[in-house]
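Structural overview
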Amino acid sequence: MKKSTVRVTIILIVLIVGLIALYSFLMSRMKSELPAAMTVVQTVLSRDLTKNYPATVKEVVKYYTEIERCFYNEECTDEEIEALGMQARMLYDQELLDNNEMAIYITKLREDVKRFKDAKRRIISIVVASSTNVDYFSDDGYDFARLYCAYTVKQNNGQNVSEGRIYLLRRDEDRHWKIYGWDSEDNVQVGE
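Residues numbered from 1 in each chain as written. Predicted model: local features only at pLDDT ≥ 70, side-chain atom pairs only at ≥ 80, totals over all residues. Heavy atoms only, no water.

1. A few points about the pattern of salt bridges
What counts here: Whenever a carboxyl oxygen of Asp or Glu lies within 4 Å of a side-chain nitrogen of Lys or Arg, that contact is scored as a salt bridge. In this text, helices come from DSSP runs of H or I with a minimum length of four residues, and strands from runs of E with a minimum of two, each type numbered from the N-terminal end. Accessible area is worked out with a 1.4 Å probe on protein chains only. A residue is then buried under 20% of its type maximum, exposed over 50%, and partly exposed in between.
As enumerated under the stated definition, the model contains 9 salt bridges in all. The salt bridge involving R165 is made with E68; its shortest N-O contact spans 2.7 Å. Of this pair, R165 sits in strand β4 (residues 160-171) while E68 is found in helix α3 (residues 57-73), placing the two residues 97 residues apart along the sequence. Accessibility classification places R165 together with E68 in one group, the buried group. The residue K114 makes a salt bridge to D118 at a minimum N-O spacing of 2.7 Å.

Written as structure tokens, this is what we have:
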């Protein structure tokens, strides 16, 4: 072979290797600059309720059940449980807040989450009734709404158990629907 052909071949090989190395370097740098995927808990906590409060009864209950899923299905640190609890409290009616002092609420919440997980239970599904099934009514000058929610919970024996819950919400002075309370569907008689 001629010397010029060998030089050109070596130069081409060096250029190709250099381009491959540069491409690999840039790709690894771009990957490290991409934000890490958010966990389910981080996603739920990222919602700013002061700017983006749920507009309907159903949306309030749906967001609250997302918080519950995080409590009971995700591996949360104590700080995350507290942050989720604070987020849940932002959905509560003032009267419910007044009856649940924050420090006691957080302590009871941690105990409840631990008890649920120690029993090896897991929420399989939560179905919030449609917006057309909201029961609106007025009482004592306040607007209220009731909404049914069905939970399916997997027990430690592998059996799935269905649990129904009725949420009661009251509209506040800012016209936001706030959770006034909830109870098992067995304890609530609608239409009285």
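The structure having been displayed, the exposition proceeds.
2. Here's the deal with the nonpolar core
As a reminder, the rule being used: Only buried residues count toward a nonpolar core, which is a set of Ala, Val, Leu, Ile, Met, Phe, Trp, Tyr and Cys residues joined through side-chain atoms within 4.5 Å.
The biggest cluster of nonpolar side chains holds 40 residues, and the ones touching the most others in it are I67, L84, L91, Y92, Y167, L169 and I179. The element that contributes the greatest number of residues to this core is α3, accounting for 9 residues.

3. Brief notes about the side chain of R89
Test applied: In this tally Asp and Glu are treated as negative and Lys and Arg as positive; neither His nor the chain ends contributes. Throughout, a residue-residue contact means that at least one pair of heavy atoms, one from each residue, lies within 4.5 Å.
Structurally, R89 is set in helix α4 (residues 78-89). Among buried charged residues, R89 stands out as having no salt bridge; its nearest opposite-charge side chain is E101, 7.0 Å away. Those residues in contact with R89 that lie beyond four places of it in its chain are L97, N100, E101, M102 and Y105.

4. Focus on the pairing of strand β5 (residues 177-184)
The condition is simple: When DSSP finds two or more bridges between a pair of strands, those strands are recorded as paired.
Of the pairings in the sheet, the one linking β4 to β5 comprises 7 bridges and is antiparallel in character. Note that in β5 the partner of L169 across the bridge is I179. In textbook terms, the turn of a hairpin is the stretch between consecutive antiparallel strands, and for β4 and β5 this stretch comprises 5 residues, one of which, R175, has a positive phi near 65°.

5. Observations concerning the environment of A150
Here A150 is to be found in strand β3 (residues 142-154). Judged by its relative accessible area of 23%, A150 is partly exposed. Distance in space between the C-alpha atoms of A150 and S4 is 79 Å, their sequence separation being 146 residues. Excluding its chain neighbours within four sequence positions, the residues that come into contact with A150 are S125, I126, V127 and E163.

6. Some words on the side chain of E68
Quick reminder of the rule: Counted as a polar contact is a pair of N or O atoms within 3.5 Å, where, for protein atoms, one must be capable of donating a hydrogen and the other of accepting one, and residues adjacent in sequence contribute only when both atoms are in side chains.
On the accessibility criterion, E68 (5% relative accessible area) is buried. Engagement of the side chain of E68 in a polar contact is seen with the side chain of R165, the distance being 2.7 Å. Ignoring any residue separated from it by four or fewer positions in sequence, one finds E68 in contact with I123, Y151, R165 and Y167.

7. Focus: helix α6 (residues 102-118)
Helical periodicity: at 3.6 residues per turn, an α-helix aligns residues three or four positions apart in one direction. What counts, and what does not: The span one expects for a helix is its residue count, reduced by one, times 1.5 Å.
Between its terminal C-alpha atoms α6 stretches 24 Å, which fits the 24 Å expected from 17 residues at 1.5 Å a residue. Looking at where α6 begins, the residue whose side-chain oxygen comes 3.2 Å from the main-chain nitrogen of A103 is E101. Backbone geometry just downstream of α6 places K120 in the positive-phi region, at approximately 55°.

8. Re unusual backbone geometry
One non-glycine residue, K120, lies in the positive phi region at around 55°. For K120, the location among the structural elements is in the loop between α6 and β1 (122-128). One non-glycine residue, R175, lies in positive phi territory at about 65°. Mapped onto the elements, R175 comes out in the loop between β4 and β5. Judged by its relative accessible area of 54%, R175 is exposed.

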